[in-house]
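Analysis of the macromolecular model
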Amino acid sequence: MTHIDAGAELDPVHPIPVPVTPSTGLTAADVAERVARGQVNDVPVRSSRTIAEIVRANVFTRFNAIIGVLWVITLFVAPIQDSLFGFVIIANTGIGIVQEWRAKQTLDSLAVIGEARPTVRRDGIATEVATHEIVLDDLMEIGPGDKIVVDGVCAEADGLEIDESLLTGEADPVVKHPGDRVMSGSFVVAGGGAFVATKVGHEAYAAQLAEEASRFTLVHSELRSGISTILKYVTWMMVPAATGLVITQLVVKNNDFKDAVARTIGGIVPMVPEGLVLLTSVAFAIGVIRLGRKQCLVQELPAIEGLARVDTVCLDKTGTLTEGGMDVTELRPLGDSDETYVRRVLGALGESDPRPNASLQAVIDAYPDSEEWRCVESLPFSSARKYSGATFSEGDGETSTWLLGAPDVLLSDGDPALAETERLNEEGLRVLLLARAARELDDPDVAKGATATALVVLEQRLRADAADTLSYFADQSVHAKVISGDNAVSVSAVAAKLGLGGRAVDARRIPKDPEGMADALHEGTVFGRVTPQQKREMVGALQSRGHTVAMTGDGVNDVLALKDADIGVSMGSGSEATRAVAQIVLLNNSFATLPSVVAEGRRVIGNITRVATLFLVKTVYSVLLAVLVVCWQVEYPFLPRHLTLLSTLTIGIPAFFLALAPNKERARPHFVRRVMRYSVPGGVVAGVATFVTYLIARHYYTGEGALDAETSAATLTLFLISMWVLAIIARPYTWWRVALVASMGVAFVFVLIVPALQSFFALKLVGIAMPWTAVAVAAVAAVALEFLWKWVDRRFPA
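Rules and cut-offs
- Residues numbered from 1 in each chain as written.
- Predicted model: local features only at pLDDT ≥ 70, side-chain atom pairs only at ≥ 80, totals over all residues.
- Heavy atoms only, no water.
- Helix = DSSP H or I, 4+ residues; strand = E, 2+ residues; numbered from the N terminus.
- Buried < 20%, exposed > 50% of the residue type's maximum accessible area, 1.4 Å probe, protein only.
- Contact = heavy atoms within 4.5 Å.
- Areas by Shrake-Rupley, 256 points an atom, 1.4 Å probe, with all protein chains shown as cover.
- Lys, Arg positive; Asp, Glu negative; His and termini not counted.
- Charge placed at Lys NZ, Arg CZ, Asp CG, Glu CD.
- Polar contact = N/O pair within 3.5 Å; in protein donor to acceptor, adjacent residues only side chain to side chain.
- Pairing = 2+ DSSP bridges.
- Axes fitted to C-alpha atoms, helices over the stretch in contact; angles between N-to-C directions.
- Salt bridge = Lys/Arg side-chain N within 4 Å of Asp/Glu carboxyl O.
- Parallel < 35°, antiparallel > 145°, perpendicular 65-115°, else oblique.
- Left-handed = near helix turned anticlockwise from the far one by under 90°.
- Nonpolar A, V, L, I, M, F, W, Y, C, P; charged D, E, K, R; others polar.
- Phe/Tyr/Trp six-rings, centres within 6.5 Å; stacked < 30°, edge-to-face > 60°.
- Core = buried A, V, L, I, M, F, W, Y, C linked by side-chain atoms within 4.5 Å.
- pLDDT = per-residue confidence, 0-100.

1. So, the overall build of the protein
Of the regular secondary structure elements, the protein holds 27 helices and 21 strands. On the principal axes, the C-alpha backbone points of the protein span a range of 120 × 60 × 40 Å. For the protein, the residues scored as buried account for 57% of the 798 residues in total. Counting only contacts in the protein whose residues sit at least 6 apart along the sequence, the fraction spanning at least 24 positions is 73%. Entry remark: accessible area of the protein is about 32500 Å², with carbon and sulfur atoms responsible for 59%. One way to put it: in the protein the 70 positive side-chain charges average out to a point 12 Å from where the 89 negative ones average out.

2. Concerning helix α16 (residues 488-497)
Among the 10 residues of α16, 7 are classified as buried, and the element is accordingly described as predominantly covered. Here α16 has its buried residues at A488, S490, V491, S492, A493, V494 and A495. Positive backbone phi, at 85°, marks G499, one or two positions downstream of α16.

3. Brief notes about the environment of T27
Mapped onto the fold, T27 is located in the segment before α1 (28-37). For T27, a relative accessible area of 32% puts it in the partly exposed group. C-alpha separation for the pair T27 and F796, spaced 769 residues apart in sequence, amounts to 71 Å.

4. A few points about the side chain of S590
Structurally, S590 is set in the loop between β21 (584-586) and α21 (594-632). Side chain to side chain, S590 and D465 meet in a polar contact 3.0 Å long. Leave out the neighbours within four places in its chain, and S590 touches R463, D465 and M571.

5. Some words on the sheet that holds strand β18 (residues 526-528)
Overall, mixed pairing links the 8 strands, which are arranged β8-β21-β20-β19-β9-β16-β18-β17 in an open sheet. If you trace the sheet from one side to the other, it starts and ends with β8 (296-298) and β17 (504-506), each paired once. Across the sheet, the mean angle from the axis of one strand to that of its neighbour is 20°, orientation sign disregarded. Relative to β18, strand β16 (residues 479-483) runs parallel, the two being bridged by 2 bridges. The residue of β18 that forms the bridge with I483 is F527. Across the sheet, α16 touches β16, β17 and β18, and the angle it forms with β18 is around 145°.

6. Overview of the pairing of strand β9 (residues 312-315)
Residues T312 and C314 of β9 are buried on one face, and the alternating residues V313 and L315, pointing to the opposite face, are buried as well. Taken together, the 3 bridges between β9 and strand β19 (residues 549-553) define a ladder with parallel strand orientation. Pairing of V313 across the sheet is with A550, part of β19. Of the pairings in the sheet, the one linking β9 to β16 comprises 4 bridges and is parallel in character. Considered in β16, the bridge of T312 is made with H479.

7. Thoughts on the pattern of salt bridges
For the structure shown, the criterion picks out 27 salt bridges. With its nearest N and O atoms 2.9 Å apart, the salt bridge here joins E427 to R423. Note that R698 is salt-bridged to E710, the shortest N-O span being 3.7 Å. Of the two residues, R698 is situated in helix α23 (residues 671-700) and E710 in helix α24 (residues 706-729); the sequence distance between them amounts to 12 residues. By relative accessible area, R698 is classed as partly exposed at 27%.

8. Examining the packing of α21 against α24
With their axes 10 Å apart at the nearest point, α21 and α24 run at an angle of 155° to one another. With respect to α24, the element α21 is oriented roughly antiparallel. Crossing of α21 against α24: the hand is right-handed. Together, R610, T613, L614, V617 and Y621 of α21 and L718, S722, V725, L726 and I729 of α24 make up the contact between the two elements. Classifying every residue of the contact of α21 with α24 gives 7 nonpolar, 2 polar and 1 charged.

9. Some thoughts on the packing of aromatic side chains
Tallied over the entire structure, the rule returns 14 aromatic pairs. Residues Y700 and Y701 carry aromatic rings whose centres are separated by 5.0 Å and whose planes lie at 90° to one another, so their mutual orientation is edge-to-face. A connected cluster of aromatic rings, assembled from ring pairs, spans Y341, W373, F392 and W402.

10. Considering the packing of helix α9 (residues 274-293) against α21
Relative orientation of the contacting elements α9 and α21 amounts to 170°, with a least axis distance of 10 Å. As the angle between them shows, α9 and α21 are arranged roughly antiparallel. Judged by residue contacts, E274, G275, L276, L279, T280, A283, F284, I286, G287, R290 and L291 of α9 engage S596, V597, E600, R603, V604, I608, V611, A612, F615 and K618 from α21. Of the residues assigned to the contact of α9 with α21, the class counts are 12 nonpolar, 4 polar and 5 charged.

11. Some words on the nonpolar core
Of all hydrophobic cores here, the largest spans 125 residues; its most connected members are L307, I584, F591 and F748. At 17 residues, α21 tops the list of elements feeding residues into this core. Dropping the residues within four chain positions of it, F748 is found in contact with L645, L646, L649, T715, L716, F719 and L763. In terms of nonpolar packing, the next biggest core, distinct from the first, is built from 26 residues, F187, I483, V505 and I510 among them.

12. With respect to the confidence of the model for the protein
Detailed reading of predicted coordinates is not advised where the pLDDT is low. Averaged over the protein, the pLDDT score is 82; the fraction of residues at 70 or greater is 91%. Model confidence for the protein, summarised as mean pLDDT per element, is weakest for helix α6 (residues 205-213) at 50 and strongest for helix α25 (residues 735-753) at 94. Scored below 50 in pLDDT, residues 1-14 makes 26 contacts in the model with residues more than four places away or belonging to other chains. For residues 209-219, every residue scores under 50 in pLDDT, and the model assigns this stretch 33 contacts once sequence neighbours within four places are set aside.

13. Let's talk about the environment of F657
Relative to the helices and strands, F657 resides in helix α22 (residues 640-659). For the pair formed by F657 and L740, sequence separation is 83 residues and the distance between their alpha carbons is 8.5 Å. Setting aside chain neighbours within four positions, we find F657 in contact with W736 and L740.

Below is the structure:
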């Protein structure tokens, strides 16, 4: 047996000699020989990062390096309680690794369930195999919806049409004949056939495409890029502030060296928002785990975030609002057609297509094949044509050509049968027309002059969960647009049964220019007779008006739109092509899972926005305090233990709970601006108020132990202000949010009144006047915070 050299240049125009592969495919010995030579499609398709990558990503970060160095220094120069911040970082990193490892397990198990299993013919038997089990020269069988997973040369073709738009940008399907090149990454839209694999493994383009599409990733996300931007700003602020602090504490004040180092580190550590990245990763990871339990495979992690930002969801009717199966409810012969003869024609048509769609499968189930009839030529169904056909030898010497498809496509305007079709469509029924063609099947205008013979009435099965899901989207201000290839009136009737009102529009009558199409989409809700290319254009038109668009679908006619949409959602039972390009795959085929994905995304974005404000308020006041200390040339007011305590009670513990809490608010853009507009004024107020208390305390206290008393007063002010920031962030209040804030306050009081904890954290309030002064300063700062944040809301709306 011979094969084409995988590295040879292929002429895209002239047919390629088909490798000498028998129609039975490879033998078991051939397969074993190729496996031994390593000629297998062995590209590992990873659905997640490896354990080593997870550990590396969580441990070796810029800020962990800064904190790690400071921690080691602190262990040598200060008591253990000043080194607590290092142990907190270790615990946080451990939590991040464990959560992401759990997410990896969930993703890996779901990826196995959703993995495509191509069909190969070996020893004359068609067998489904895993993608990595394909070997060079394998004979691959393909049909509608199948994705071409390796490069090859067409060996058999029966009306085979392949869409290569994802590779070439060419919208029209390409008709393939034996000898034509078949490119991996394309997919079958009509017909069937087989091809011989000529490029496998890393040489096949699809292997790279599949690996990239299913990789666990945290990039291309507004949330992640926003946090990276914030961390960049933080780094710029930290360097000069920390440098000035080091010089002031070690040189200018000429204090005890170890105490000076401890206070310097106490000023630098809180500048680092070390828990922010961790909490974002944990929130995403827990989102993956939660969705995984509902059989939802998130192929690209930012899709959780993206779907939360969606304000328009485009739904394909078949497989989304309705179940895949259909039932023939009535057969209506037209004119003087004989019903028995019509049944025989329908049975033969069903037998002529080896890969029937849902409509034809219903016909097959209703009408058995006549063994006397023989299919001479067939024309598979295409969503662009809206009909299929076949030419038969009827057994008595007669030859006839038949078409089965959309009545409004096959019939001319004004035909009496169209009025009856319209009436049935208004009842939500699907109608196919059986017509006898007057032309040859390979004639481009084969439908012209066809004689209407019978109407086949089909009933679609509505999804039980569709109405509730549409209601959820309406409540959440997400606009639903039903975009279908079926008759607009029929689709509108189905949508109405599910509670989705709005005007039905025939897509053949809407403007072709983007602006006109966008206007039509704004006014209409249900669109019928939409071609695959139009679906793609509709998504683009909606996006041109600033909409964030999600597209659901399960058929090959949805692939282009799924690829272009901001978020593509595929059913698990959908074609390989749709599953390959979608960011989210609903493995349980339940449309009702979508609200869970939306809710999960909103929870992640809304809550991370909340806790980011907490972390960055701390960063701002830490930098400001360092600057003020340098300008006044005084000792830094805090030791590391003080800020570890404050960070734990006012940020660390509350942020963890707030990050995982329910949140239904629709995600809004401009993450960085929305976070910084609260963080900067909050941090400035906290820093100034704390420093004012510290300066007052420096004038009030004198003698031995004065610095500890000054630190305690400043700590009280900073804690109270930080608690007020937390109280604002926690709004609107629920019982558990109130309990969370109150418990943090109780914990701090506990530290102040228990002697052992007072000693451990070096906190002791001396006298009565100064502690109450600290409370008064904090109260004024709280009023200022309320005023400033309301002013910011008015002056800089999100």
